[in-house]
Amino acid sequence: MQQTIGKTTFDNQGFGSILTHARKLEGQQLREIAKSMLRPELIELKGKGAAGQLLHSWFGLKDNDNRAEPDLMSVRFSDGRTGGVEIKAVPLMLKKRGLRIKERCKVTNIDYGQLLDETWSVSRARHKLISVMFIFYRYAGLENWPASQVEKIVYWEVETAQVGGTIRLDWQRTWDYVSEGRAHEISEGHGMILGACTTGQGGDSKHVIQPRNTLELARKRAFALKPAFLQTTYEYIISPASFKSISTLSGKTFSADLKAEVLLGFEPLIGKRLEEIANRLKISKQKTKHASALLVRRALGILNDKKRLLELEAAGVKPKTIPVRERDLRPCEAMSFPAMRLTEFVEEEWKDSEFRAHLDCLLLIPTLAVHCKQELWSRRLGRPFFWTPSGDDEAGIANEWEMFKQEIIEGKAAYKRVNGRRISKLTPGSMTKYIHLRPKSRDGTEDDVDPNGRRTQRLCFWLNQSFIQKLLHK
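Residues numbered from 1 in each chain as written. Predicted model: local features only at pLDDT ≥ 70, side-chain atom pairs only at ≥ 80, totals over all residues. Heavy atoms only, no water.

**So, the environment of Arg67**
With respect to the helices, strands and loops of the structure, Arg67 is situated in the loop between α3 (50-57) and β3 (72-76). Separated by 31 residues in the primary sequence, Arg67 and Ser36 have C-alpha atoms spaced 27 Å apart. (Helix = DSSP H or I, 4+ residues; strand = E, 2+ residues; numbered from the N terminus.)

Rendered as structure tokens:
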């Protein structure tokens, strides 16, 4: 059916015409798009969803709603099939590491009772993900959102994607929890790519009665695609030669259960000295900085290629080696994360923060030592495990994250020199349960500025040693 949008006409039931129409958005600011649609009133929209609503209007859609069916229906594809196409506007933010995904992408609300009547093949989530048109745009901020610019149009299908099986398992894991009367225990971290995120800001009104367990209320949730998957999808279309599939590189057929495959690959190595592992798997002893990433690649059977692993990056798997004193499993040091710009950090919300994304799928690889000064390659490999925060742990980490955010806004990250040392007023790790902030660089000399323009050290978050020790004992 021909549809006219401003001065442009396209067939909203012909896939080729829809894709051509979509790609006209690339390189345009949203205010220019509104002008070309002869809809100047669209740039007067307010609120977080204004940009998405404008981009949906480009396809003749009235608003960005929560309908069960895809946005465009009865679309004819080149292979003869007919189906729907979902339009997803995905904001990017320019940060120190380049364009980064701003937030997760909601797929559909979860109705716990309805979920139990579904299988994956007929589920609302799959229905929404069969054919997706991602519109990646560079977000210019809430006040200046019409200056946002569309960067790339990406068409994606769940059934043909390398990670389609993983998404199906993510959905099934959520279904299993609901079926067992454990909807109140669901965590977004249970899904590697398709998470079950909470909706709203909390409170009793955001809890509902779950089927098969009337004693425990469950948080309202929605299925959502995680930032790591969206980031990988965007970067893959920009530079496909940088990525390769695990199966292609290893020559093996892998199941969709990435966690199980990774841990199975480590099994023959557990308890062996790192020097023996390095010799067996051809890991250079000069590359201690990248030892964890190399260990994962070798455990998966990948020997030479340096390409980024598509499935692991899409799932947000982040390997971390932990030097551990064997007698009591005390980590030799706290665990650091990437350094950040404080002016960017204070603009984040916890649920979509970079630090939360780093915690979403950690692969912790203990290396066991008699004492912490023991030479690296004489240590033994402990049993690796995946970790993502439980509901209680995430709540505790979020509280401390918010505390540090407020301290930075108040200027407590600014330092003064005392006996040659740089001292700030940030709460030390000895007074927190989960995390703390301190310099990332070896000598602490790299500088940053806080939101008030005061000079600070370049900081990053660290997981406390005592908290890591508890994880290792579990």
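So that's the structure; there's more coming.
**Quick word on the pattern of salt bridges**
Counting across every chain of the model gives 32 salt bridges. Note that Arg104 is salt-bridged to Glu188, the shortest N-O span being 2.9 Å. Here the residue Arg104 occupies a position in the loop between β5 (98-101) and β6 (105-109), and Glu188 occupies one in the loop between α6 (164-179) and β9 (194-198), the gap between them amounting to 84 residues. The exposure class assigned to Arg104 is buried, which follows from its relative accessible area of 14%. Glu188 gets classed as buried once you look at its relative accessible area, which sits at 6%. Of the charged contacts, one joins Lys226 and Asp360 as a salt bridge, the two residues approaching to 2.7 Å between their closest N and O atoms. Separated by 134 residues along the polypeptide, Lys226 in the loop between β12 (221-225) and α7 (227-238) and Asp360 in the loop between α14 (354-359) and β18 (362-369) bring together distant segments of the chain. (Salt bridge = Lys/Arg side-chain N within 4 Å of Asp/Glu carboxyl O. Buried < 20%, exposed > 50% of the residue type's maximum accessible area, 1.4 Å probe, protein only.)

**Focus on the state of the cysteines**
Throughout the structure, instances matching the rule amount to one disulfide. One disulfide in the model links Cys332 with Cys372; its S-S distance is 2.2 Å. Every disulfide takes its handedness from the sign of the S-S torsion; for Cys332 and Cys372 that torsion is -85 degrees, giving left-handed. Here Cys332, found in the loop between β16 (330-331) and β17 (335-336), pairs with Cys372, found in the loop between β18 and β19 (380-381); they are 40 residues apart in sequence, far enough to count as distant. Judged by relative accessible area, which is 23%, Cys332 ranks as partly exposed. Unpaired in this structure, Cys105 has its nearest cysteine sulfur neighbour in Cys197, at a distance of 10 Å. Looking at Cys460, it has no disulfide partner, and the nearest cysteine sulfur is the one in Cys332, 18 Å off. Residue Cys460 is classed as buried on the basis of its relative accessible area, which comes to 0%. (Disulfide = S-S within 2.5 Å.)

**Examining unusual backbone geometry**
Despite not being glycine, Arg212 has its phi angle at roughly 70 degrees, a positive value. For Arg212, the location among the structural elements is in the loop between β10 (207-210) and β11 (213-219). Here Arg212 falls in the exposed class, since its relative accessible area comes to 57%. The backbone phi angle of Leu329 is positive, close to 55 degrees, even though this residue is not glycine.

**So, the nonpolar core**
By size, the foremost hydrophobic cluster in this structure holds 66 residues, and its most contacted members are Phe134, Leu225 and Phe266. When sequence neighbours within four positions are dropped, the list of residues in contact with Leu225 reads Arg104, Cys105, Val107, Leu129, Phe134, Ile193, Leu194 and Leu230. The next biggest cluster of nonpolar side chains, apart from the first, holds 32 residues, and it includes Met335, Leu368, Ile408 and Tyr434. (Core = buried A, V, L, I, M, F, W, Y, C linked by side-chain atoms within 4.5 Å. Contact = heavy atoms within 4.5 Å.)

**Considering the sheet that holds strand β23 (residues 435-439)**
The sheet built from three strands is open, its strands ordered β17-β26-β23 with antiparallel pairing. Each end of this open sheet is capped by a strand with a single partner; those strands are β17 and β23. When β17 meets strand β26 (residues 459-463), the two strands line up antiparallel, connected through two bridges. Looking at β26, one finds that Ser336 is bridged to Trp462. Seen against the sheet, helix α15 (residues 391-409) touches β23 and β26 and runs at an angle of roughly 40 degrees to β23. (Pairing = 2+ DSSP bridges. Axes fitted to C-alpha atoms, helices over the stretch in contact; angles between N-to-C directions.)

**Quick word on helix α1 (residues 15-23)**
The complete set of buried residues in α1 reads Phe15, Ile18, Leu19, His21 and Ala22. On an axial view of α1, the arc spanned by its buried residues comes to 160 degrees, and they lie on one face. Packed against the buried residues of α1 are β1 (2-5), β2 (8-11), β3, β4 (82-95), β7 (132-138) and β8 (149-156). (Arc of directions from axis to C-beta.)

**Considering the packing of aromatic side chains**
Counted according to the given criterion, the structure contains 18 aromatic pairs. Judged by centre distance (5.2 Å) and plane angle (85 degrees), the rings of Phe345 and Trp401 are edge-to-face. A residue pair is termed long-range when its members are at least 10 positions apart, and Phe345 in helix α13 (residues 342-345) and Trp401 in helix α15 qualify at 56 residues. Judged by its relative accessible area of 1%, Phe345 is buried. Residue classification places Trp401 among the buried positions, given a relative accessible area of 0%. Put simply, the rings of Phe337, Phe345, Trp350, Phe355, Trp401, Phe404 and Phe461 touch in pairs and so form one group of aromatic residues. The ring of Tyr177 carries the charged tip of Arg182 above its face, separated from the ring centre by 4.3 Å. (Phe/Tyr/Trp six-rings, centres within 6.5 Å; stacked < 30°, edge-to-face > 60°. Lys NZ or Arg CZ within 6 Å of the ring centre and 35° of its normal.)

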